Amino acid sequence: MQQAEEELLVLEAQDGDNRAFQQLFQRYQNALLRYGYKVSGDRQIAQDAAQEAWFRLARNIRQLDDPKAFKSWMYQLVHWSCIDLLKKTRGSDQQLDVSDVEPELSDDNSEQQESLNAAINRLPSLEKQMIHLFYLEEMSVRQVAQVLRISEGTVKSRLNRARRLLKERFDV
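Predicted, not measured: the structure shown is a model, and the values here were computed from it.

**Observations concerning the environment of Glu6**
So, step 1. By secondary structure assignment, the location of Glu6 is in helix α1 (residues 3-14).
So, step 2. Residue class for Glu6 comes out buried when judged on its relative accessible area of 5%.
So, step 3. Polar side-chain contacts of Glu6 include one of 2.3 Å to the side chain of Tyr28.

**Observations regarding the pattern of salt bridges**
So, step 1. Enumeration over the complete set of coordinates arrives at nine salt bridges.
So, step 2. Its salt-bridge partner being Arg27, residue Glu5 comes within 3.0 Å of it at the nearest N-O pair. Separated by 22 residues along the polypeptide, Glu5 in helix α1 and Arg27 in helix α2 (residues 18-40) bring together distant segments of the chain.
So, step 3. Note on Glu5: relative accessible area 35%, which makes it partly exposed.
So, step 4. When its relative accessible area of 37% is taken as the criterion, Arg27 is described as partly exposed.
So, step 5. Where Arg34 meets Glu137, a salt bridge forms, and the shortest distance between an N and an O atom there is 3.7 Å. Residue Arg34 is located in helix α2, and its partner Glu137 is located in the loop between α6 (125-136) and α7 (141-148); the two are separated by 103 residues in the primary sequence.
So, step 6. Taking the relative accessible area as the measure of exposure, Arg34 reaches 33% and is therefore partly exposed.
So, step 7. Overall, the relative accessible area of 9% leaves Glu137 in the buried class.

**A look at the packing of α1 against α2**
So, step 1. Relative to each other, α1 and α2 sit at 135°, their axes nearing to 7 Å. Of the possible angle classes, the one that applies to α1 and α2 is oblique. As α1 runs across α2, the sense of the crossing is left-handed. Each of Glu5, Glu6, Leu9, Val10, Glu12 and Ala13 in α1 lies in contact with α2, whose residues at this interface are Arg19, Ala20, Phe21, Gln23, Leu24, Arg27 and Tyr28.

Thresholds applied
- Residues numbered from 1 in each chain as written.
- Predicted model: local features only at pLDDT ≥ 70, side-chain atom pairs only at ≥ 80, totals over all residues.
- Heavy atoms only, no water.
- Helix = DSSP H or I, 4+ residues; strand = E, 2+ residues; numbered from the N terminus.
- Buried < 20%, exposed > 50% of the residue type's maximum accessible area, 1.4 Å probe, protein only.
- Polar contact = N/O pair within 3.5 Å; in protein donor to acceptor, adjacent residues only side chain to side chain.
- Salt bridge = Lys/Arg side-chain N within 4 Å of Asp/Glu carboxyl O.
- Axes fitted to C-alpha atoms, helices over the stretch in contact; angles between N-to-C directions.
- Parallel < 35°, antiparallel > 145°, perpendicular 65-115°, else oblique.
- Left-handed = near helix turned anticlockwise from the far one by under 90°.
- Contact = heavy atoms within 4.5 Å.

As structure tokens, then:
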């Protein structure tokens, strides 16, 4: 979707246009579910987190000052909803570990794709999330930083580290 079209839909949704809100939902729902799964490792938590994010958006969309920030805001809502749900289901004392989450890079079942999926799956949790947001959701470094609430420098260094780890695993 072109940025201008998305901004227009956001502005219309802020004005109470249900059709615009529905279009935003249709365009982002599947991607948000995939990201929720990436964060939580649990399909039900991903669905609940996405649903909670849409409820929060519906209640607070007028508070979004910059329509350009919509995409990163939605991913941030899903991210933190997943974290909250994981804490509730697994107990707040446990370390959250999603190392067994299988990335859904594509429908291609080739041996090379499976090898890449396995290599990404072995990355630390934060690096997996960054790879997903940056490469699969095509977010900018700035947007990834906003979603994960970390600095742009941290995103750049972690992406670099993730790429280096993947390269090492494929060169061996």
